[in-house]
Amino acid sequence: MSIECHNAFILHRRPYRETSQLIDLFCQDVGKVSLVYKGGRSSTRMKRGTAQPFTLLQVSYFGRGSLKTVKSFEAQTQVVPLAGQRLFLAMYINELLYRLLQAETACDGLFECYQQTLLAIAGAEDPQIALRLFELTLIETLGYGVNFTEDIYSGELIESGYEYQYQHQAGFFAKQAIHKKHDVYSGQDILALAQRDFSNQNVLKSAKRFCRQALANLLGGKPLHSRALFTAK
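Fair warning: this is a prediction, and the values are worked out from it, not measured in the lab. (Residues numbered from 1 in each chain as written. Predicted model: local features only at pLDDT ≥ 70, side-chain atom pairs only at ≥ 80, totals over all residues. Heavy atoms only, no water.)

Enquirer: What should I look at first to understand the overall build of the chain in this one?
Expert: The number of helices and strands found in the chain is seven helices and eight strands. For the chain, the spread of C-alpha atoms along the principal axes amounts to about 65 × 35 × 25 Å. Of all 233 residues assigned to the chain, the portion counted as buried reaches 41%. As displayed, the chain offers around 12600 Å² of accessible surface, 48% of which is attributable to carbon and sulfur atoms. Averaging the locations of the 26 positively and 21 negatively charged side chains of the chain gives two centres separated by 14 Å. (Helix = DSSP H or I, 4+ residues; strand = E, 2+ residues; numbered from the N terminus. Buried < 20%, exposed > 50% of the residue type's maximum accessible area, 1.4 Å probe, protein only. Areas by Shrake-Rupley, 256 points an atom, 1.4 Å probe, with all protein chains shown as cover. Lys, Arg positive; Asp, Glu negative; His and termini not counted. Charge placed at Lys NZ, Arg CZ, Asp CG, Glu CD.)

Given below as structure tokens:
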């Protein structure tokens, strides 16, 4: 029996049969992996509390198909301290990864970015900046990053004094006479996005709008359950 061992975070878990769980992990070397955690809902294992979200784990598992079987979990760190809105942001990131990552497809650098983002959300004065940086990194890692410095049609450099529109999975182009207001971005904000400079609140708002548009397209229009937590708050 071949055993694999990886650093991992839990993205999603749900009950399975009487005492087990189905768990989706984000593993450092192999991306998203789905596993059966036999006995994971038993009172003994629940009390141990080892397999918790937002905890760096070392997991060993075995199996040949798309659904592997957990052999063991071992916590490498304490649970990242998250509460209130910061917890909701972390849950939102987990749902994005659960929905968008392909099974067992490595994503260079994304695991480290995820780990750093959790810590930043927990400790930063403005967790929204960490969230926007992660969303932009995720979009690029999935292969849907855009050029924030050139007009996609003319090839000319984007200029701070002009306005531009966004075209899904393509990029920005000079504003046309007929346009939807919410699709328009200032050249100044686009250039700040290129530098990941969120020192201006207007840029942060533009980054949120861009990421929302780009991710909605990738999610196929299906809503994220974690967003309901913000509206319910």
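Having seen the structure, we can now continue with the description.
Enquirer: I keep staring at the packing of helix α4 (residues 127-141) against helix α6 (residues 201-218) and nothing clicks. Help me out?
Expert: A packed helix pair is summarised by two numbers, namely the angle formed by the two axes and the spacing between the axes. Where α4 contacts α6, the two axes come as close as 10 Å, and the packing angle between them is 40 degrees. As summarised for this structure, α4 and α6 are arranged oblique, according to the angle between their axes. In the packing of α4 onto α6, the handedness of the crossing is left-handed. Counting all contacts with α4, which are made through Q128, I129, R132, E135, L136 and I139, the residues of α6 involved are L204, A207, K208, F210, C211, A214 and L215. Tallied by class, residues from the contact of α4 with α6 come to nine nonpolar, one polar and three charged. (Axes fitted to C-alpha atoms, helices over the stretch in contact; angles between N-to-C directions. Parallel < 35°, antiparallel > 145°, perpendicular 65-115°, else oblique. Left-handed = near helix turned anticlockwise from the far one by under 90°. Contact = heavy atoms within 4.5 Å. Nonpolar A, V, L, I, M, F, W, Y, C, P; charged D, E, K, R; others polar.)

Enquirer: I'm lost on the sheet that holds strand β4 (residues 57-62) in this one. Help?
Expert: Paired through their backbone hydrogen bonds, the strands of a sheet run either parallel or antiparallel. Read around the barrel, five strands follow the order β1-β2-β3-β5-β4 and close on themselves; strand pairing throughout is mixed. Adjacent strand axes in the sheet meet at a mean angle of 55 degrees, parallel and antiparallel pairs treated alike. Along the sheet face, helix α2 (residues 84-100) touches β1 (3-16), β2 (20-27) and β3 (31-37) and points at about 105 degrees away from the line of β1. Against the sheet, helix α3 (residues 110-123) touches β1 and β2, its axis set at about 60 degrees to β1. (Pairing = 2+ DSSP bridges.)

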